[in-house]
Amino acid sequence: MAKQKIRFNYFEPQLIVENNELVTWDIKKFLDAILNNKRSFNASVFLGDEVSDLEWNSCGYDYANNLYYLQLSKLRSKNIPSRKKINQDKEDINLADDEYLGEFNLLIYDPRTNVLVTQGNFYGLNVKQIALTLSGLRMRVNDLNHERDGDVPYVVNLAPIIDSNAIEKVMQNEIYRKITIKGADFNEIADEELDSDVLSRSIAALSEVHGVNFEVTLSMAKTGKSESLDSEEVRRMIRDVLKLTREKDLDVGMHVTSRRDIESSMEYIDLLTPKLSSEIVLEVQNRSTIGAEYIFNGFKEQNYFAAGISMQNKLIRLLPR
């Protein structure tokens, strides 16, 4: 058995309606229609040269906890890997014309908070592709229910839930592995008084070479995982960027990769829009696919309802009432 870390991201489901207006989408009715009409419509959605599909056998409703879940698959038929044994020649994986390789994303919906939770998968669907898939599935459900949006179908938008406590947590971390700061016009901040020596020198260097846009990246790549950038200098840079964006309304962004301590997992944060995320660790068998129900149960036990973590309670505190 091996340990597999699984990450989850949190979104408010929305619809883009007439005049590009964003409205909250309560997806309970949509999910009930799927669960009550399994395999009654084509659930595949084309995404360019890839296909997204709904896994009918991996969706359901948890009555005890009032949570819905469904699994989407990303189907691909290009860049197919080979089958390989050690010290032997590789063998092609031959797919029929109607066969694909599948990568999977679990989606969890909480009607109490109206939050959609998506399982991250590097090889699976990204956020935009999940939204496009939900848009396509919603059109099929509308057809099933003989409903119409109007002249133009509405489009699903997934708005990230912002973690208002994330910046405070990052400032308390001990290990900073990588930071990136970007700006659209250094002239806007050239005359600002900055606490960070690194940022001040970078802006001065840009002035000397007559640059405009800038990007500064500092990294501890290829060093031991306990090694860190100078923590006090990183915190000064964070405070400078927050001051420039919040008080001066300047176009500057910052990404920070850090961990609380040597035993903690790595965290990545966009300083301007720190998106709420969480993770679990599951025991998995090699050469096997992780089941949707296994991930769903791990999410509930380790994360959503876990004592001391309770992401549901955190969402209730974060979201407007």
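Residues numbered from 1 in each chain as written. Predicted model: local features only at pLDDT ≥ 70, side-chain atom pairs only at ≥ 80, totals over all residues. Heavy atoms only, no water.

From N to C terminus, the protein chain includes 7 helices and 16 strands. Taken along its principal axes, the extent of the C-alpha atoms in the protein chain is 65 × 60 × 45 Å. Evaluated residue by residue, the protein chain yields a buried proportion of 43% over its 321 residues. In the form shown here, the protein chain has an accessible surface area of approximately 18500 Å², with 46% of it arising from carbon and sulfur atoms. (Helix = DSSP H or I, 4+ residues; strand = E, 2+ residues; numbered from the N terminus. Buried < 20%, exposed > 50% of the residue type's maximum accessible area, 1.4 Å probe, protein only. Areas by Shrake-Rupley, 256 points an atom, 1.4 Å probe, with all protein chains shown as cover.)

Another point: empty space enclosed by the protein. A complete count under the given rule lists 2 cavities of 30 Å³ or more for this structure. Estimates place the volume of the largest cavity at around 60 Å³. W25, I27, F30, L31, Y68, Y69, L70, L107, Y109, L116 and L134 are the residues that line the largest cavity. For the lining of the largest cavity, the secondary structure elements donating two or more residues are α1 (28–36), β6 (67–76) and β9 (101–110). Per-element tally for the lining of the largest cavity: the top contributor is β6, with 3 residues. Residues of the lining of the largest cavity, tallied by class, amount to 11 nonpolar, no polar and no charged. In this structure, the second largest cavity is lined by L31, I34, L35, C59, G60, Y68, Y69 and L70. Tallied by class, the residues present in the lining of the second largest cavity amount to 7 nonpolar, 1 polar and no charged. (1 Å grid on protein atoms, 1.4 Å probe; cavity = no way out; pocket = protein on both sides within 12 Å on 5 of 7 lines; lining within 4 Å. Points joined across faces, edges and corners; volume = space filled by probe spheres on them. Nonpolar A, V, L, I, M, F, W, Y, C, P; charged D, E, K, R; others polar.)

For the rest of this paragraph, the subject is unusual backbone geometry. With a phi close to 65°, K222 is a non-glycine residue in the positive phi region. Tracing the sequence through the fold places K222 in the loop between β13 (214–219) and α5 (231–246). You can call K222 exposed: its relative accessible area is 87%. With a phi angle near 35°, S310 is a residue other than glycine that sits in the positive phi range. Its location among the elements puts S310 in the loop between α6 (292–304) and α7 (311–318). Residue S310 is classed as buried on the basis of its relative accessible area, which comes to 14%.

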